[in-house]
Structures are given as structure tokens and as C-alpha cells.
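# Remarks on the overall topology
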Amino acid sequence: MEDYRAVERTFQTLVQVAGRAGREENGNVVIQTYNPDHYAIIDSSKQDYDLFYNQEVALRKMLKYPPFCDIILISFSGKNLSQVKNISEFVYKKLISVQNEKINIYKPVPSPIDKIQNNYRWRIIIKCKVTSTVLDIINYAINDDKIKKSKETKIIVDINPNTMN
């Protein structure tokens, strides 16, 4: 679940590049890929927006990605790796203690880019429909006295983030 929009971005970029290649005179587009049979590559070569859309929407529905579900990214960062990890695990335990069957909470893991400017980064991903109940659960989990005392770990909650980094 690194970034569910990666396929869409690939399709968009390839169609855009192909469109520019033939503006002035006939041109060719050469795509180097490890996965030439991927539907984003095939559909972009045909510039078939409808086919791509239908395949992408079906996949997102099956995997419960937006627009069929919301994704909440809870990010933890700080200078002390042990503390960042412990706070993320503490929040996770609080979340699962009050979760219901409509909320999928994934265990805390290091972010794909796990260290930026000497700050370690961990994250929790939640898949569900955002409701006031879900927001109350998240507030309950992150507004604990133990977390408030740990001022070195920063917590950010992002609903339907632009990137999953």
C-alpha cells in the first residue's frame, strides 16, 4: 500500500509524454519497463482513458481504496527511533482496543522514507469511511497523557493524503 495512486500517475504521465511526442511532427515513444503487460502501460499506449478508468476503479473497489473508502495516515516522527516506534505502537494498541469491524487498522511500520533530516518516521494506516466516530477514536488514541509528555515525537493525522510517504 505504498501509494495506491502510482498506477494512475504512471498512466497520466505516459499519455502526456506521448501527446507531446507528436505535436510538431510524427514521433515515437519508447517505454522501458520491467512490466510491459501492466494495464497502465497497455492502456496508455492506446490512449484508452475509459479502459484504464474501468480497470483502475474495479481494482480500487476490490482493495477498498478511495473513492470506496477513506485512508487515514497517522505519521510519527522524531530524533529518537525507539521513542517514535514506542509511541506509534502505543497509539496502535489504543486504536485497536476501540476499533469496530468497519475500521481496518494496520500495524505501525517505518515509513517508506524512514529518516529525513535526522528524524525517524513511522506510520499507521487506517482504511474506513471517515465519520465522527472514527475521528473520536483517533482523538482518543493520540490525546493520551503519555503522548503529551513525549514532546519529542510529532504526530500528524492526514485523511486521504496526497502521498503515502
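In what follows, the structure referred to is the one given above.
In this report, the structure presented in the accompanying data block is examined. Fair warning: this is a prediction, and the values are worked out from it, not measured in the lab.

### Side note on a nonpolar patch on the surface
A surface patch of nonpolar side chains, about 200 Å² in accessible area, is lined by Val17, Val29 and Ile31. With respect to the secondary-structure elements, Val29 resides in the loop between α1 (6-21) and α2 (39-46). Taking relative accessible area as the criterion, Val29 reaches 38% and is therefore assigned partly exposed.

### Here we look at unusual backbone geometry
The step from Pro66 to Pro67 runs through a cis peptide bond, and the omega angle for that step is 15°. Within the secondary structure layout, Pro67 lies in the loop between α3 (49-63) and β1 (70-78). Although it is not a glycine, Gln47 adopts a positive phi angle of roughly 50°. Inspection of the secondary structure assignment puts Gln47 in the loop between α2 and α3. Positive phi values are uncommon outside glycine, yet Asn160 reaches one of about 50°. Following the sequence through the fold, Asn160 ends up in the segment after β5 (154-159).

### As for the environment of Lys127
Following the sequence through the fold, Lys127 ends up in strand β4 (residues 119-128). With a relative accessible area of 6%, Lys127 lands in the buried category. Put simply, Lys127 and Ile41 are 86 residues apart on the chain and 28 Å apart in space, counted from C-alpha to C-alpha. From its side chain, Lys127 meets the backbone oxygen of Leu63 in a polar contact 2.6 Å long.

### Thoughts on the packing of helix α4 (residues 81-98) against helix α5 (residues 132-142)
Axis separation between α4 and α5 bottoms out at 8 Å; the angle between their running directions is 140°. Classified by the angle between their axes, α4 and α5 sit oblique to one another. Between α4 and α5 the crossing geometry is right-handed. Residues Val91, Lys94, Leu95, Ser97 and Val98 of α4 pack against Ile137, Ile138, Tyr140, Ala141 and Ile142 of α5. Each residue belonging to the contact of α4 with α5 can be placed in one class, and the counts come to eight nonpolar, one polar and one charged.

### Here we look at the layout of surface pockets
With a probe scaled to a water molecule rolled over the atoms, the places where space remains empty come into view. As a volume, the largest pocket reaches approximately 220 Å³. Looking at the largest pocket, it is lined by 14 residues, and the ones nearest its centre are Leu73, Ser75, Arg121, Ile156 and Asn165. Where the lining of the largest pocket is concerned, the elements lending two or more residues are β1, β4 and β5. It is β1 that contributes the most residues to the lining of the largest pocket, four residues altogether. Class assignment for the residues of the lining of the largest pocket results in six nonpolar, five polar and three charged.

Definitions and cut-offs
Residues numbered from 1 in each chain as written. Predicted model: local features only at pLDDT ≥ 70, side-chain atom pairs only at ≥ 80, totals over all residues. Heavy atoms only, no water. Patch = residues over 30% accessible without salt bridge, like charges linked within 9 Å, V, L, I, M, F, W, Y side chains within 5 Å. Areas by Shrake-Rupley, 256 points an atom, 1.4 Å probe, with all protein chains shown as cover. Salt bridge = Lys/Arg side-chain N within 4 Å of Asp/Glu carboxyl O. Helix = DSSP H or I, 4+ residues; strand = E, 2+ residues; numbered from the N terminus. Buried < 20%, exposed > 50% of the residue type's maximum accessible area, 1.4 Å probe, protein only. Polar contact = N/O pair within 3.5 Å; in protein donor to acceptor, adjacent residues only side chain to side chain. Axes fitted to C-alpha atoms, helices over the stretch in contact; angles between N-to-C directions. Parallel < 35°, antiparallel > 145°, perpendicular 65-115°, else oblique. Left-handed = near helix turned anticlockwise from the far one by under 90°. Contact = heavy atoms within 4.5 Å. Nonpolar A, V, L, I, M, F, W, Y, C, P; charged D, E, K, R; others polar. 1 Å grid on protein atoms, 1.4 Å probe; cavity = no way out; pocket = protein on both sides within 12 Å on 5 of 7 lines; lining within 4 Å. Points joined across faces, edges and corners; volume = space filled by probe spheres on them.

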